[in-house]
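Listed below are the residues making up each chain.
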Amino acid sequence: MLDKFTPNQRLLVAVALSFLFFIGYTTIFPPKAPNSEENATQAAVVKPSAAQAHSSVTTEASAPAQEIKTVSTDTLTTISAKEFTLKIDTLGRISSLILSDKKHNGKDGQLSELVSGAGAKPLYIRFADEALNAAASKTAYASSASSIVLGENGKGTVTLTQNLPELTVTKTLTFYADGHYDAKVNLSSEKRYYVYLGQHPQIVEKMMTVVGSMIYAGDNLTTIFKDGDVEGRSIFTDVHMASAFDQYYASIMYGFDKSTQVVVERDTKDNPVTYLEGANNFTFSGYIGPKEYKTLESINPILVNAIEYGWFTFVAAPIFKILMYLHGMIGNWGWSIVALTVLIRIILYPLTHKGMVSMQKIKEIAPRIKEVQEKYKGDPQRMNAAVMEMYKKHGANPLGGCLPLLLQIPVFFAIYRVLLNAVELQGAEWVMWVHDLSRMDPYYILPILMGATMFYQQRITPSNFTDPLQEKIFKYLPLIFTFFFFTFPAGLVLYWFVNNIFSIAQQYMVNKQFEAARMARHEAHLAEKHHEKD
Amino acid sequence: MVRKLFLKLLWLYRHSFSLVTRGACRHYPSCSEYALWQFERNTLPRAFGATFLRICRCNQLFDGGIDYPVISKPTIKPTELSINTIKYWFVPTKRNYFLIKNFKFKGSQC
């Protein structure tokens, strides 16, 4: 008997321990950790000039935005629009991009800097010729304008020139108010050179998100290079888009010629470094900013592929599209999640309705089922078999089945990924105390409500356990889930909570309906008895 | 190897996620148990197919009830034959066999 107990008890201990670990881990190491690991000593091998630019950066890198201030290069041109302020430095690179919308600010209220302090910067040019490269890293660019202000839907062009001995580099950049730019690189004579995509923004806040580089090439083929997990050097052609991304933001280059070689290399920390092989009269487009679906789609539909939900994208992306559609009608992300729950419930309605009908039948054979249950009291397996046979014989089964419930798991996980990765849901409000659906509920109200509804739902839903110990764990599940959900994004808890509410309502209706039917039968029975007496 | 892995995964499922589906299965044996028996006794592709179909059947549009796995080749290697050590009965049906658990079996359930 004891042997039978141990695996289950071990599981209970394991679950409890993993919660303790999970909660402890997140409190001791707030998910900021990836940031502070990023020190500026990296990348000396691959990018000589980038490393040079950072020699003044202290290794105690705290926040990327602070690092930027200490970088020694000067700003050459400033482009400002409603949504962002972009700076180009004297080496012709995009050295800073700050988003003005407050919702992008970090937890400490700091403005978000999308160009990482460490690593290569977007539009940096490296020559294959070392001597030329050394000269280029010492020669400042000249600019046609020192500041450009973009109006609504406006655009502005700046021409950057670098006069090297025997070579003139001309970068013609046209910036648009939506955050994308067109670039044209022209060399006075033929030379081999590379244009850098830049290191991804480093505003990582949550665990479980993929950060790195992405190459979208050929026939719908996405290759992702995760930070710290890059091996050797990969070369791509027929690339539609290259993106260096973190959770919400990305630097993307696209619109270059099919034959352009795109190279992904690793730096000293095995993080991806992405660059394009340039050509004379090289034209391409780029984008730096938040991965907002509508913005990206309006610039170029191909950019939508930069939105990444991890390996689960194939389910998460459609779920997000539905949510976005609902948001278009309702105007609030919280209510959109509620509407999504309703939608899923409606899809499952034919099933649940069938369940209701069979529920009515089951009560008619209830006494006989009880008889069987009594008979095999000590043997749950046999009892189950007997009860199931009874159900089948009468064509009624009160249980919901595995499929409808198993289908919920991917939906649940997809919403989790969407809340984690969709920048649109950053700072999305719902009602009263819920100010950000993508973060945990600060007052733990939603998780507690979720646990309470789950507990109640369990009590009124029929279930079927072959293992009595499993049943015991099952009873503790609402409690475990409540704790588990404390740290989850509020939007996810909201989904589960609303789902529970609907389940309870449905079950309640079924019970009511049955009650009415039984009352009617009872009365009919009484009337019959009366009849007999008379 | 693969079989072992799947049996391990099923064990994990039966002790964790199975609680989320809150013992809602409409069948005997339950879907996860069905899968367990299939992966234990059937060829891998058949076990996959049968389990997949079974999960698809596990909703209100189907009757549920008793639904035993059907396997093609029974493998019997008993070291000891008594009512308490026999795990499954192979009950012939046409050219295959129903796999039926012996309720009196006292060994490990997985």
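Model, not experiment: these values are computed from the prediction. (Residues numbered from 1 in each chain as written. Chains lettered and ligands numbered in written order. Predicted model: local features only at pLDDT ≥ 70, side-chain atom pairs only at ≥ 80, totals over all residues. Heavy atoms only, no water.)

I tried to follow the overall build of chain B on my own but got confused; where do I start?
For chain B, the count of helices and strands is four helices and five strands. Listed by position from the N terminus, the elements making up chain B come as α-α-β-α-α-β-β-β-β. Counting every position in chain B, which comprises 110 residues, the buried fraction comes to 45%. (Helix = DSSP H or I, 4+ residues; strand = E, 2+ residues; numbered from the N terminus. Buried < 20%, exposed > 50% of the residue type's maximum accessible area, 1.4 Å probe, protein only.)

Explanation requested: the sheet that holds strand E3 (residues 70–71) of chain B in the structure shown.
The strands making up a sheet associate through hydrogen bonds between their backbones, and the pairing can be parallel or antiparallel. Residue and element names in this part refer to chain B. Sheet architecture is open: three strands sit in the order E3-E5-E4, paired in antiparallel fashion. Of all strands in the sheet, those with a lone pairing partner are E3 and strand E4 (88–93), marking the two edges. The strands that helix H3 (residues 31–41) touches are E3, E4 and strand E5 (96–101); relative to E5, the one it contacts most, it runs at about 125°. (Pairing = 2+ DSSP bridges. Contact = heavy atoms within 4.5 Å. Axes fitted to C-alpha atoms, helices over the stretch in contact; angles between N-to-C directions.)

Whenever I open this one, empty space enclosed by the protein confuses me. Can you help?
To find leftover empty space, one rolls a probe the size of a water molecule over the atoms. Residue and element names in this part refer to chain A. Scanning all chains against the criterion turns up five cavities of 30 Å³ or more. Approximately 80 Å³ is the volume attributed to the second largest cavity. Around the second largest cavity, the lining is made up of ten residues, and of these Leu-91, Tyr-124, Ile-125, Ala-136 and Gln-162 lie nearest the centre. Mapped onto the lining of the second largest cavity, the elements with two or more residues apiece are strand E4 (125–127) and helix H5 (130–136). (1 Å grid on protein atoms, 1.4 Å probe; cavity = no way out; pocket = protein on both sides within 12 Å on 5 of 7 lines; lining within 4 Å. Points joined across faces, edges and corners; volume = space filled by probe spheres on them.)

What is the right way to look at the sheet that holds strand E13 (residues 233–236) of chain A in this model?
Residues and elements named next belong to chain A. Taken in spatial order, the five strands of this open sheet run E4-E10-E17-E16-E13, and their pairing is antiparallel. The open sheet is flanked by E4 and E13, the only strands paired with a single partner. Strand after strand, the sheet turns through a mean of 30° between neighbouring axes, direction not considered. In terms of strand pairing, E13 meets strand E16 (residues 262–266) through four bridges, oriented antiparallel. Bridge pairing in E16 places Ile-235 opposite Val-263.

Help me out: how do you make sense of the packing of helix H10 (residues 366–375) of chain A against helix H11 (residues 380–394) of chain A in this one?
Two packed helices can be described by the angle between their axes and the distance between those axes. Residues and elements named next belong to chain A. Viewed as axis vectors pointing N to C, H10 and H11 meet at an angle of 160°, and their least axial separation amounts to 9 Å. By the criterion of interaxial angle, the relationship of H10 to H11 is roughly antiparallel. Along this stretch, H10 crosses H11, giving a crossing that reads as right-handed. Contact residues: Arg-368, Ile-369, Val-372 and Gln-373 in H10; Met-383, Ala-386, Val-387, Met-390, Tyr-391 and His-394 in H11. Counted by class, the contact of H10 with H11 contains seven nonpolar, two polar and one charged residues. (Parallel < 35°, antiparallel > 145°, perpendicular 65-115°, else oblique. Left-handed = near helix turned anticlockwise from the far one by under 90°. Nonpolar A, V, L, I, M, F, W, Y, C, P; charged D, E, K, R; others polar.)

I tried to follow the side chain of Asp-67 of chain B on my own but got confused; where do I start?
All names here are of chain B. Structurally, Asp-67 is set in the loop between strand E2 (65–66) and E3. Here Asp-67 falls in the buried class, since its relative accessible area comes to 16%. Within the local environment of Asp-67, its side chain forms a polar contact with the side chain of Arg-57, the two groups lying 2.7 Å apart. Setting aside its immediate chain neighbours within four residues, Asp-67 contacts His-27, Tyr-28, Pro-29, Tyr-34, Arg-54 and Arg-57. (Polar contact = N/O pair within 3.5 Å; in protein donor to acceptor, adjacent residues only side chain to side chain.)

How should the pattern of salt bridges be read in this particular structure?
Once the charged atoms of two side chains with opposite charge are near each other, the side chains can pair. Residues and elements named next belong to chain B. Applying the stated rule across the entire model yields six salt bridges over all chains. Notably, a salt bridge pairs Arg-54 with Asp-67, separated by 3.6 Å at the nearest N-O pair. Placement of the pair is Arg-54 in helix H4 (residues 44–57) and Asp-67 in the loop between E2 and E3, with a sequence separation of 13 residues. Asp-67 is the partner of Arg-57 in a salt bridge, and the nearest nitrogen-oxygen pair spans 2.7 Å. Of this pair, Arg-57 sits in helix H4 while Asp-67 sits in the loop between E2 and E3, and the two are ten residues apart along the sequence. Counted as one network, the salt bridges with shared partners bring together Arg-54, Arg-57 and Asp-67. (Salt bridge = Lys/Arg side-chain N within 4 Å of Asp/Glu carboxyl O.)

Quick question: what am I supposed to make of H11 of chain A here?
In an α-helix, one turn spans 3.6 residues; hence positions three or four apart end up facing the same way. Residues and elements named next belong to chain A. With 15 residues, H11 extends 21 Å from end C-alpha to end C-alpha; this agrees with the ideal 21 Å at 1.5 Å per step. For H11, the set of buried residues is Gln-381, Asn-384, Ala-385, Ala-386, Val-387, Met-388, Met-390 and Tyr-391. Note on H11: the residue one or two positions beyond its end, Gly-395, has a positive phi of about 60°. (Expected span 1.5 Å × (residues − 1).)

Hey, could you run me through unusual backbone geometry in this one?
Leaving glycine out, the prevailing phi sign among residues is negative, and the prevailing peptide bond configuration is trans. Residues and elements named next belong to chain A. If you check the backbone angles, Glu-166 has positive phi at about 70° while not being a glycine. With respect to the secondary-structure elements, Glu-166 resides in the loop between strand E7 (155–164) and strand E8 (167–176). Backbone geometry places Asn-220, a non-glycine residue, at a positive phi of 60°.

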